[in-house]
Amino acid sequence: MNPEARTSDTPVPAIIPRERHVISRKNISKAALRVLYRLHDAGYDAFLVGGAVRDLLLGGHPKDFDVATNATPDEVKKLFRNCRLIGRRFRLAHVVFGPEIIEVATFRGTGEVEGAAGDRHIVDGLIVRDNVWGTIEEDAVRRDFRVNALYYDISDFSVRDYVGGMQDVENRELHLIGDPVTRYREDPVRMLRAARLAAKLGFTIDPKASAPFEELGPLLCDAAPARLFDESLKMFLAGNGLKSFRMLEQCGLLKFLFPATARALRRGDEALRSLVEQGLANTDQRIAEGKSVTPAFLFAVLLWGEVRDLAHGWIAKGMDVNEAWSGAAAHVVGEQCQRVAIPRRFTLTMDEIWSLQPRFEQIQRKRVFRLMAHPRFRAAFDFLLLRADESPAMRELGQWWAHAQQLPQDVLAAALPASAAASAGPSAAPPRKRRRRKPSGKSGSA
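Here is what the cut-offs are and how they apply
Residues numbered from 1 in each chain as written. Predicted model: local features only at pLDDT ≥ 70, side-chain atom pairs only at ≥ 80, totals over all residues. Heavy atoms only, no water. Helix = DSSP H or I, 4+ residues; strand = E, 2+ residues; numbered from the N terminus. Buried < 20%, exposed > 50% of the residue type's maximum accessible area, 1.4 Å probe, protein only. Axes fitted to C-alpha atoms, helices over the stretch in contact; angles between N-to-C directions. Parallel < 35°, antiparallel > 145°, perpendicular 65-115°, else oblique. Contact = heavy atoms within 4.5 Å. Nonpolar A, V, L, I, M, F, W, Y, C, P; charged D, E, K, R; others polar. Left-handed = near helix turned anticlockwise from the far one by under 90°. Pairing = 2+ DSSP bridges. 1 Å grid on protein atoms, 1.4 Å probe; cavity = no way out; pocket = protein on both sides within 12 Å on 5 of 7 lines; lining within 4 Å. Points joined across faces, edges and corners; volume = space filled by probe spheres on them. Salt bridge = Lys/Arg side-chain N within 4 Å of Asp/Glu carboxyl O. Polar contact = N/O pair within 3.5 Å; in protein donor to acceptor, adjacent residues only side chain to side chain.

S.K.: I keep staring at unusual backbone geometry and nothing clicks. Help me out?
M.R.: Trans peptide bonds make up the majority, and among non-glycine residues the majority have a negative phi. Unusually for a residue other than glycine, Phe-157 sits at a positive phi of about 65°. For Phe-157, the location among the structural elements is in the loop between strand E9 (150-153) and strand E10 (159-161). Given the relative accessible area of 22%, Phe-157 is considered partly exposed. Positive phi is not limited to glycine here, since Arg-172 has a value of about 55°. Looking at where Arg-172 falls in the secondary structure, it is placed in the loop between helix H5 (165-171) and strand E11 (173-174).

Printed below as a string of structure tokens:
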């Protein structure tokens with residue numbers, strides 16, 4: 001590694017001193033500060049970098065803190081006993097402090113400097129291995145967006161800006177560093193990151209950065225499905241799910257990430273759009289309130305339209321109801337997992353949420369109590385409520401089940417028919433409480 005290497009295109013930094021920016025060490029993780037100071041005390045350059053710097057400048061409270069340094073991963077490991085090295089494509093050091101992990105990356109090089117240390121491999125424009133070390137200037141131009149190429153220097157508490165990131169923070173704009181086509185070919189997931197950051201920050205995307213989305217969007221099909229799963233969680237389970245969804249549609253990227261969702265929405269079903277957007281809004285609200293959320297419910301919401309339409313089509317052709325729902329779920333999930341690798345523990349829950357939906361229409365005593373005892377009943381019921389806009393009957397069905405859960409078991413049992421033949425069907429009126437018997441011997445109806 002040659003830390004003194006420079007090229008004719010080396011950018012000159014704008015250095016923003018402490019008194020001219022809002023970042024305070026009080027808002028930086030203690031673990032991150034320990035890493036920064038130990039690197040600095042050992043004679044290495046140490047900078048807080050990326051999203052943490054960006055969010056601190058915007059007055060936010062970052063959850064993750066990344067560090068950039070001129071120390072190699074092996075040198076970082078020698079300084080920290082609680083360090084492990086990860087990655088083959090990108091070699092990184094993770095310094096572990098209990099539940100918190102500080103990611104430490106060595107300055108990335110462009111590979112254009114003679115004698116640059118490391119290993120870089122590109123196939124058809126896609127970076128498959130990138131462990132070339134370089135200078136901080138090279139590292140800055142290697143980052144994706146200008147707002148992510150800001151460095152907080154622990155030595156003097158200044159912010160270094162090599163590419164115009166401070167201006168983008170002030171203007172609330174998202175500019176890609178370098179030629180967009182080249183950068184997206186290097187890593188197609190950058191297109192999703194642009195949509196996610198724009199939604200999260202309320203920024204506009206530079207037209208030059210969004211112009212190649214339609215042409216290069218199909219490259220996402222070649223991205224690792226496991227990586228797209230992680231990116232999906234960042235988009236939909238970080239409190240900005242509804243904004244991210246709308247931004248994906250606006251940018252034309254939804255069809256490359258969730259093709260079944262895009263197909264179903266193109267059919268013009270407004271009730272389905274209401275279900276998807278309300279499901280995402282509810283998830284955002286739960287996250288804001290500090291409540292637990294599960295990816296299974298989210299993916300069940302996103303894929304429901306295609307599963308429902310496929311199952312109804314097969315049922316209309318004479319297929320058994322249970323087989324139709326099971327087959328539709330397997331088909332849609334199988335297709336989706338080729339793009340986004342949804343773990344089996346979540347797909348099983350999704351299948352149960354979907355398969356329980358027809359059972360809500362079976363208003364008979366044994367079936368109602370059996371459904372209420374199902375371990376996925378609550379999730380399936382919440383899903384049923386999202387379907388209220390499908391029809392007045394569906395809204396009434398949701399109200400029936402909401403009321404039924406409030407009744408004592410004996411009262412509910414007495415109000416329910418014992419068999420399908422006696423049932424009033426899915427639109428039956430909610431069970432009413434029994435009146436007490438009067439001394440005259442007259443009794444009320446249930």
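Next, the rest of the story.
S.K.: Help me understand the packing of helix H10 (residues 225-236) against helix H15 (residues 295-316) in this model?
M.R.: When two helices pack together, their arrangement is given by the angle between the helix axes and the distance between those axes. Contact geometry for H10 and H15: axes closest at 12 Å, N-to-C directions at 90°. By the angle between their axes, H10 is roughly perpendicular relative to H15. Only Pro-295, Leu-298, Phe-299 and Leu-302 of H15 make contact with H10, whose side of the interface consists of Phe-229, Ser-232, Leu-233 and Phe-236. Class assignment for the residues of the contact of H10 with H15 results in seven nonpolar, one polar and no charged.

S.K.: When you look at the packing of helix H16 (residues 321-337) against helix H17 (residues 344-356) in this model, what are you seeing that I'm missing?
M.R.: At a minimum axis separation of 10 Å, H16 and H17 run at an interaxial angle of 145°. At the point where H16 passes H17, the crossing takes the right-handed sense. Taken together, the residues of H17 that come into contact with H16 (itself represented by Trp-325, Ala-329, Val-333 and Cys-337) are Thr-347, Met-350, Asp-351 and Trp-354.

S.K.: Any chance you could explain the sheet that holds strand E1 (residues 14-16) here in plain terms?
M.R.: The strands making up a sheet associate through backbone hydrogen bonding, with each pair oriented either parallel or antiparallel. Reading across the sheet, the eight strands line up as E1-E10-E9-E2-E3-E6-E5-E4 and stay open at both edges, with mixed pairing between neighbours. The open sheet terminates on both sides in strands that have one partner only, identified here as E1 and strand E4 (83-86). Averaged over all neighbouring strand pairs, the angle between strand axes comes to 30°, with direction disregarded. Where strand E2 (residues 46-49) lies against strand E3 (residues 66-69), four bridges are found, and the strand directions are antiparallel. Within the sheet, the bridge partner assigned to Ala-46 lies in E3 and is Thr-69.

S.K.: In this structure, what is going on with the layout of surface pockets? I would like to understand it.
M.R.: Left-over empty space is what a probe sized like a water molecule reveals as it rolls over the atoms. Put simply, the second largest pocket is a space of about 470 Å³. Along its surface, the second largest pocket is lined by 20 residues, and Arg-286, Ser-292, Thr-294, Phe-297 and Asp-382 are the ones closest to its centre. The set of elements that each furnish at least two residues to the lining of the second largest pocket consists of helix H14 (270-288), H15, H17 and helix H19 (377-386). Counting residues per element, the lining of the second largest pocket draws most heavily on H14, at five residues. Residues of the lining of the second largest pocket, tallied by class, amount to ten nonpolar, seven polar and three charged.

S.K.: Even after reading the chapter, I still don't get the pattern of salt bridges, so can you show me in this structure?
M.R.: As a working rule, side chains carrying opposite charge can pair if their charged atoms are close by. Overall, the coordinates contain 26 salt bridges when judged by the stated rule. Measuring nitrogen to oxygen at the nearest pair gives 3.0 Å for the salt bridge that ties Arg-263 to Glu-335. Highlighted residues: Arg-263 in helix H13 (residues 259-266) and Glu-335 in helix H16, separated in sequence by 72 residues. The exposure class of Arg-263 is partly exposed, given its relative accessible area of 26%. Owing to a relative accessible area of 26%, Glu-335 belongs among the partly exposed residues under this scheme.

S.K.: Would you explain the side chain of Arg-387 in this entry?
M.R.: Structurally, Arg-387 is set in the loop between H19 and helix H20 (392-404). Classification of Arg-387 as buried rests on a relative accessible area of 5%. Within the local environment of Arg-387, its side chain forms a polar contact with the side chain of Gln-357, the two groups lying 3.1 Å apart. Residues within four places of Arg-387 in sequence aside, it is in contact with Leu-275, Trp-304, Gln-357 and Met-394.

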